[in-house]
Amino acid sequence: MTLEESVLRHRRTLFYRWRRRLIRYGPDGLRPRPTRPTRWPRQATRALEHQVVAHALLWPTHGPARVAAQLRQPRWGGWQVSASGVYAILCRHRLRTRWERLIKLEAHSASTRGLLTERTRKHLRLPHVEAQWPGDLVCLDAFYIGTLKGVGKV
């Protein structure tokens, strides 16, 4: 099929689509259709999203399953939401991992108070290895690295 035939077939298909709309809906069928909705019908309500984000930022180390279980309790509103629903909400707000939640809390705390909260410091367990000079611990716990060409096992 050549390019001209392809364009002609596309135009023919488009013509019959518009014709079908005109016959079925009249002149109103030729008007532009609205774009996709800003919120899907089965998407969580704004109140539920706010509650999930607030709970996730209050306890940033809780995962989606634990957040969903907590929100089912009456004292948190008795929301019926699944762990995958909580995860989708957290993804929309860029709070998918606990590190993203901790970083957001740290940025908020640093901007408002100029310091980190004790809870954030407790959960930020960054490994630190003490060395007196650079290269001091390069070969620590290296039993088998691999095979070098022409040398053998190292």
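Preceding this paragraph is the structure being described.
Each value, and the rule that gives it
Residues numbered from 1 in each chain as written. Predicted model: local features only at pLDDT ≥ 70, side-chain atom pairs only at ≥ 80, totals over all residues. Heavy atoms only, no water. Core = buried A, V, L, I, M, F, W, Y, C linked by side-chain atoms within 4.5 Å. Buried < 20%, exposed > 50% of the residue type's maximum accessible area, 1.4 Å probe, protein only. Helix = DSSP H or I, 4+ residues; strand = E, 2+ residues; numbered from the N terminus. Contact = heavy atoms within 4.5 Å. Patch = residues over 30% accessible without salt bridge, like charges linked within 9 Å, V, L, I, M, F, W, Y side chains within 5 Å. Areas by Shrake-Rupley, 256 points an atom, 1.4 Å probe, with all protein chains shown as cover. Salt bridge = Lys/Arg side-chain N within 4 Å of Asp/Glu carboxyl O. Expected span 1.5 Å × (residues − 1).

Asker: What should I look at first to understand the nonpolar core in this one?
Answerer: One recurring pattern in soluble globular proteins: nonpolar side chains tend to sit buried together. In this structure, Leu48, Val52, Leu71, Val81, Val86, Ile89 and Leu90 are the most contacted members of the largest nonpolar core, which totals 15 residues. Counting only elements with at least two residues in this core, the list comes to α2 (46-58), α3 (64-72) and α4 (83-92). Top element by residues in this core is α2. It accounts for five residues. Apart from the residues within four sequence positions on either side, Val81 is in contact with Leu48, Ala68, Leu71, Arg72 and Val86.

Asker: Any chance you could explain a nonpolar patch on the surface here in plain terms?
Answerer: A surface patch of nonpolar side chains, about 310 Å² in accessible area, is lined by Leu14, Trp18, Leu22 and Leu30. Its place among the elements puts Leu14 in helix α1 (residues 3-25).

Asker: What am I meant to see in α2 here?
Answerer: Each α-helix turn comprises 3.6 residues. Residues three or four places apart therefore point the same way. For α2, which comprises 13 residues, the first-to-last C-alpha distance of 18 Å matches the rise-based estimate of 18 Å (1.5 Å per residue) to within 8%. Residues Leu48, Glu49, Val52, Val53, His55, Ala56 and Leu57 constitute the buried set of α2. Elements in contact with the buried residues of α2: α3, α4 and α5 (98-112).

Asker: Please explain the pattern of salt bridges as it appears in this structure.
Answerer: A side chain of one charge can pair with a side chain of the opposite charge if their charged atoms are brought near each other. In total, this model carries two salt bridges according to the counting rule given. As a salt-bridge pair, Arg92 and Glu49 come within 2.9 Å of each other at their nearest N and O atoms. Within this pair, whereas Arg92 is found in helix α4, its partner Glu49 is found in helix α2, the two being separated by 43 residues in sequence. Here Arg92 falls in the partly exposed class, since its relative accessible area comes to 41%. For Glu49, a relative accessible area of 9% puts it in the buried group.

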